[in-house]
Amino acid sequence: MLKKADFDAANVKSYRPIPNLSVVSELLGRIDSSQLVKYLKENDLLPDLQSAYRAMHSTETGVLKVLADLLLALDSGDLAMLTVLDLSSASDSVDHDTLLQRLQMSYGLGGQVLNWSASYLCGRVQYVRTSTACSTPADVLYGVPQGSVLGPILFLLYTADLLQLVKRHQLIPHAYADDTQSTGFVDQQTCQAA
């Protein structure tokens, strides 16, 4: 399936991957997903400035948060700037080793849970199939399975440290799926002094 209608049909990168997950894999993913989200909520480990992939955190809540931040700055007489970062093929760029390390270090997952996560991510193959031909399977070294229940949650955990990095630079971040908005404010006195 083409990612966008105007993409080149002859280019393999123009297509959205279709995962061929077994019913058992999808069922285990749903069970793991619900247990993982419950653990993250109970331990207050979910990023609070992330919309999407979570109940009660939608496109609307993301837009309202960013708009409210901008309006508050302007009402205070500050100058406001909005920077938007859109990660291209974001789900495909997740480094498995980094994600597994982050699950262990940032979220306290270990033992069987970490082993299961490694098993879920690693050892996958991909290929391109048309009505008349099929390419040679290639190992999938990066990315989370798109179309799975667990993939988006793993992506959210993979990118959560980005929000903390933005905060450390006195900016107000907000993330929605694979897009990150960063709002910066400069008070009028600082601008006039410069």
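The text that follows walks through the structure, step by step, so that each part is easy to find. (Residues numbered from 1 in each chain as written. Predicted model: local features only at pLDDT ≥ 70, side-chain atom pairs only at ≥ 80, totals over all residues. Heavy atoms only, no water.)

1. Concerning the pattern of salt bridges
Then comes step 1: Evaluation of the coordinates by the stated rule reveals three salt bridges.
Then comes step 2: Residue Asp69 is joined to Lys65 by a salt bridge in which the shortest nitrogen-to-oxygen separation is 2.8 Å. Here Asp69 pairs with Lys65, and both are found in helix 2 (residues 59-75), just four residues apart, close to one helical turn.
Then comes step 3: On the basis of relative accessible area, Asp69 is assigned to the buried category, the value being 10%. (Salt bridge = Lys/Arg side-chain N within 4 Å of Asp/Glu carboxyl O. Helix = DSSP H or I, 4+ residues; strand = E, 2+ residues; numbered from the N terminus. Buried < 20%, exposed > 50% of the residue type's maximum accessible area, 1.4 Å probe, protein only.)

2. Observations concerning empty space enclosed by the protein
Then comes step 1: Enumeration over the complete set of coordinates arrives at two cavities of 30 Å³ or more.
Then comes step 2: Lining the second largest cavity, in full, are Pro47, Asp48, Leu49, Leu163, Gln164 and Lys167. (1 Å grid on protein atoms, 1.4 Å probe; cavity = no way out; pocket = protein on both sides within 12 Å on 5 of 7 lines; lining within 4 Å. Points joined across faces, edges and corners; volume = space filled by probe spheres on them.)

3. Some details on the side chain of Thr159
Then comes step 1: On the secondary structure map, Thr159 appears in helix 5 (residues 150-168).
Then comes step 2: What makes Thr159 buried here is its relative accessible area of 15%.
Then comes step 3: Side-chain polar atoms of Thr159 contact the backbone oxygen of Leu156, separated by 3.3 Å. (Polar contact = N/O pair within 3.5 Å; in protein donor to acceptor, adjacent residues only side chain to side chain.)

4. Focus: the packing of helix 1 (residues 23-42) against helix 5
Then comes step 1: At a minimum axis distance of 9 Å, the contact between helix 1 and helix 5 shows a crossing angle of 35°. In the packing of helix 1 onto helix 5, the handedness of the crossing is left-handed. Of helix 5, the residues touching helix 1 (which contributes Gly29, Asp32, Ser33, Leu36, Val37 and Leu40) are Leu150, Ile153 and Leu157.
Then comes step 2: Class assignment for the residues of the contact of helix 1 with helix 5 results in six nonpolar, two polar and one charged. (Axes fitted to C-alpha atoms, helices over the stretch in contact; angles between N-to-C directions. Left-handed = near helix turned anticlockwise from the far one by under 90°. Contact = heavy atoms within 4.5 Å. Nonpolar A, V, L, I, M, F, W, Y, C, P; charged D, E, K, R; others polar.)

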